Amino acid sequence: MPLALLALAIGAFGIGTTEFVIMGVLPEVAAGFGVSIPTAGWLVSGYALGVVLGAPLLTVLGTRVSRKKMLMFLMGLFVAGNALSAAAPVFGVMLIGRVVASLAHGAFFGIGSVVAANLVAPARKASAISLMFMGLTVANVVGVPLGTWIGQAAGWRVTFLVVAVLGVVGLLGVARLVPEEGRPRSADVRAEFAAFRDAQVWLAMAMTVLGYGGVFAAVTYITPMMTEVAGYSAGAVTWLLVLFGVGMFLGNLLGGRFADRALMPMLSTALGALSLTLLLFTATAHHKVLAAITLTLVGALGFATVPPLQKRVLDQASAAPTLASAANIGAFNLGNALAAWLGGTVISAGLGYTAPNWVGALLSGSALLLALLAAFLDRRTRAAAPAAGAGARHTPERPAPVAARR
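Residues numbered from 1 in each chain as written. Predicted model: local features only at pLDDT ≥ 70, side-chain atom pairs only at ≥ 80, totals over all residues. Heavy atoms only, no water.

Caption draft 1: Quick peek at the overall build of the protein chain. A count of helical and extended segments in the protein chain gives 17 helices and zero strands. By residue count, 53% of the 406 residues in the protein chain fall in the buried class. Residue pairs in contact within the protein chain that sit at least 24 positions apart in sequence constitute 83% of those at least 6 positions apart. (Helix = DSSP H or I, 4+ residues; strand = E, 2+ residues; numbered from the N terminus. Buried < 20%, exposed > 50% of the residue type's maximum accessible area, 1.4 Å probe, protein only. Contact = heavy atoms within 4.5 Å.)

Caption draft 2: Broad picture of the confidence of the model for the protein chain. With 90% of its residues at a pLDDT of at least 70, the protein chain reaches an overall mean of 83. The low-confidence segment residues 400-406 (pLDDT under 50) makes two contacts with residues lying over four places distant or belonging to another chain. (pLDDT = per-residue confidence, 0-100.)

Caption draft 3: Looking closely at the nonpolar core. In this structure, Leu-8, Phe-133, Met-226 and Phe-281 are the most contacted members of the largest nonpolar core, which totals 100 residues. With 13 residues, helix α9 (residues 199-219) is the single largest residue contributor to this core. Not counting the four nearest positions on each side in its chain, Phe-133 is found in contact with Phe-109, Ser-113, Asn-252, Phe-303, Val-306, Gln-310 and Ile-329. In terms of nonpolar packing, the next biggest core, distinct from the first, is built from 15 residues, Val-25, Val-29, Ala-30 and Phe-160 among them. (Core = buried A, V, L, I, M, F, W, Y, C linked by side-chain atoms within 4.5 Å.)

Caption draft 4: Main features of the packing of aromatic side chains. A complete count under the given rule lists seven aromatic pairs for this structure. With a centroid separation of 5.8 Å and 85° between ring planes, the pair formed by Phe-108 and Phe-109 is classed as edge-to-face. Taken as a pair, Phe-108 and Phe-109 share a single burial class, namely buried. Relative to Phe-332, the ring of Tyr-212 has its centre 5.7 Å away and its plane inclined at 80°; by these criteria the two rings are edge-to-face. Note that Tyr-212 is positioned in helix α9 and Phe-332 in helix α15 (residues 321-348), a separation of 120 residues in sequence. In this structure, Tyr-212 and Phe-332 share a single accessibility class: buried. Taken together, the ring pairs in this structure connect Phe-33, Phe-91, Trp-156 and Phe-160 into an aromatic cluster. A cation over an aromatic ring shows up here: Lys-288 above the ring of Tyr-232, its NZ or CZ 5.5 Å from the ring centre. (Phe/Tyr/Trp six-rings, centres within 6.5 Å; stacked < 30°, edge-to-face > 60°. Lys NZ or Arg CZ within 6 Å of the ring centre and 35° of its normal.)

Caption draft 5: Quick look at the environment of Val-178. Examined against the element boundaries, Val-178 turns out to sit in the loop between α7 (156-177) and α8 (189-194). The spacing of Val-178 and Pro-2 is 176 residues in sequence and 9.1 Å in space, taken between C-alpha atoms. What Val-178 contacts, discounting residues up to four positions off in sequence, is Ala-4, Ala-7, Leu-8, Lys-68, Val-115 and Gly-173.

Caption draft 6: A nonpolar patch on the surface, seen in detail. Together, Leu-279, Leu-351, Trp-358 and Leu-362 make up a nonpolar patch on the protein surface, roughly 400 Å² of accessible area in all. Residue position: Trp-358 is located in helix α16 (residues 355-393). Taking the relative accessible area as the measure of exposure, Trp-358 reaches 34% and is therefore partly exposed. (Patch = residues over 30% accessible without salt bridge, like charges linked within 9 Å, V, L, I, M, F, W, Y side chains within 5 Å. Areas by Shrake-Rupley, 256 points an atom, 1.4 Å probe, with all protein chains shown as cover. Salt bridge = Lys/Arg side-chain N within 4 Å of Asp/Glu carboxyl O.)

Caption draft 7: Fine view of helix α10 (residues 222-229). Looking at α10, one finds that the buried residues are Ile-222, Met-225 and Met-226. End-on, the buried residues of α10 take up no more than an arc of 90°, which puts them together on one face. The positive-phi residue at the C-terminal boundary of α10 is Gly-231, with phi of around 95°. (Arc of directions from axis to C-beta.)

Caption draft 8: View of the packing of α9 against helix α14 (residues 306-316). It is at 9 Å that the axes of α9 and α14 come closest, and there the two elements cross at 165°. Considering the angle they form, α9 stands roughly antiparallel to α14. Two packed elements cross with a definite hand, and for α9 against α14 that hand is left-handed. The residues of α14 that touch α9, namely those facing Gln-200, Val-201, Ala-204, Met-205, Met-207, Thr-208 and Tyr-212, are Val-306, Leu-309, Arg-312, Val-313 and Gln-316. Class assignment for the residues of the contact of α9 with α14 results in eight nonpolar, three polar and one charged. (Axes fitted to C-alpha atoms, helices over the stretch in contact; angles between N-to-C directions. Parallel < 35°, antiparallel > 145°, perpendicular 65-115°, else oblique. Left-handed = near helix turned anticlockwise from the far one by under 90°. Nonpolar A, V, L, I, M, F, W, Y, C, P; charged D, E, K, R; others polar.)

Caption draft 9: Quick peek at the packing of α9 against α15. Between α9 and α15, whose axes approach to 7 Å, the crossing angle comes to 35°. In this structure, α9 meets α15 at a crossing whose hand is right-handed. Residues Val-201, Ala-204, Met-205, Thr-208, Val-209, Tyr-212, Gly-213, Phe-216 and Ala-217 of α9 lie in contact with α15, whose contacting residues are Ala-324, Ala-327, Asn-328, Ala-331, Phe-332, Leu-334, Gly-335, Asn-336, Leu-338 and Ala-339. Considered class by class, the residues forming the contact of α9 with α15 number 14 nonpolar, five polar and no charged.

Caption draft 10: Local environment of the environment of Tyr-212. A relative accessible area of 8% means that Tyr-212 is categorised as buried. The spatial distance from the C-alpha of Tyr-212 to the C-alpha of Ala-304 is 9.8 Å, given a sequence separation of 92 residues. Each residue touching Tyr-212, except ones within four places of it in the same chain, is listed here: Met-207, Met-248, Gly-302, Phe-303, Thr-305, Val-306, Phe-332 and Asn-336.

Caption draft 11: Highlighting the environment of Ala-204. When you line up the elements, Ala-204 lands in helix α9. For the pair Ala-204 and Leu-370, spaced 166 residues apart in sequence, the C-alpha separation works out to 8.2 Å. Each residue touching Ala-204, except ones within four places of it in the same chain, is listed here: Leu-309, Arg-312, Val-313 and Asn-328.

Take a look at the structure:
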C-alpha cells in the first residue's frame with residue numbers, strides 16, 4: 001500500500017480523537033466554564049451538525065482546486081478549530097472552535113476516500129479506504145483514552161492542544177506524501193450534483209444512516225448500560241471503550257479486505273450479523289463477561305460495514321464521486337444523531353437502558369433490507385443490459401425511403 005495512506009490515516013486519527021474525546025472530558029469542560037453538563041453537551045451536538053453541513057459545503061467549494069490542496073486546507077482548518085477550543089476564554093468561543101474543527105471532518109474523509117481509492121489498483125480500493133479509516137479506529141483505541149487521561153491529569157485545554165499538534169503532523173504528512181493529482185476532471189459542480197440522480201446513490205447513503213446508526217443507538221448510552229445493568233464500575237467504562245475500539249479496528253480491516261472480493265455479500269452479511277448481535281445485547285448486557293464480548297462484536301461488525309458502504313457510494317457515483325463521498329460521511333453522522341435521539345426516547349419512555357440495543361437492531365435490520373433491494377436492482381440492471389444489446393444487434397435495418405433511393 002502507498003505511504004500516502006499513512007498521512008491520511010494520521011489525519012483520520014486526529015479527527016477521530018477530537019470527535020470522541022470531548023465525551024471523556026465533558027465534566028471538566030463544564031466545570032471550567034461554569035455550565036451544566038447538558039449545556040456542555042452542545043459541544044458534541046454542535047460538532048455533529050458541523051460535520052453534516054460542512055461535508056457537502058466544503059466539498060463543493062473545493063471542486064476548483066486539487067484534492068491534495070483541499071486536504072491540506074481541511075487539516076489547517078482542523079488545527080485552527082482545536083487551537084481555538086484549547087484557548088477559548090468562554091464557552092461560546094469553544095463551541096465555535098468545535099464547529100470549525102468539525103467542518104473539516106466530513107470533507108476530509110470524503111475527499112480522502114477518493115484519493116485513497118485512486119492510489120491503488122481497482123481490486124484493492126476498499127482495502128485502501130479501510131486503511132485510511134484505520135486512523136479513526138486507532139483513535140478510539142489509543143487517542144480517546146489517552147486524551148481523556150491527559151485532560152483529567154493536566155487539564156482539558158492540554159488535550160485539545162495535543163490534538164491540534166496531531167493535526168499539524170497530519171498536514172505535513174499530506175503535504176509531503178500525498179501525490180498531486182491535479183484538478184479533478186469532474187470539477188463542474190453540476191456534474192457532482194448529477195451523481196445524486198442515481199437512486200443507487202441514495203440507497204447507499206440510506207444504508208449508511210441506518211446501518212451505522214444502529215451502532216450509535218447502543219454506544220451512546222453504553223456508560224449507564226454497563227454501570228447500571230452489567231454492574232461495572234464507572235472507572236471500567238474507559239477499558240470497555242478500548243475493547244469497543246479494538247473491535248472497530250479489526251472489523252475495519254476485515255471489512256475492507258472482504259469488500260474487495262464481494263462488496264454486497266460482505267455488506268449484507270455484516271448488517272445481518274450486526275442486527276442479530278444488537279438484539280442479543282439486550283440480554284447479554286445483564287452479564288459482565290458477555291456484555292464485554294458483545295460490545296467488542298458490535299464495534300467489529302459495525303465498522304466492518306464502513307469500507308463497503310463508502311466504496312458502494314464511490315462505485316455508484318464514479319463519474320463524479322467527490323461530493324457523494326463527502327455526503328456519505330455526513331450520512332454517518334446523521335445516522336449517529338438519529339440513533340442517539342431514538343435511544344434517548346425509549347429510555348425516557350421507561351423501557352430501560354438496554355432498550356437502545358433493540359432500537360439499533362431495527363435500524364441495522366432496515367439497512368439490511370435496503371442492501372438486499374440494492375443488490376436485486378443491480379442484478380436486474382445486469383440482466384437487462386445483454387438483452388438490450390442483443391435486441392439492438394438483431395433489429396433488421398429499415399429500408400430507405402423511396403425518395404432517398406431515387
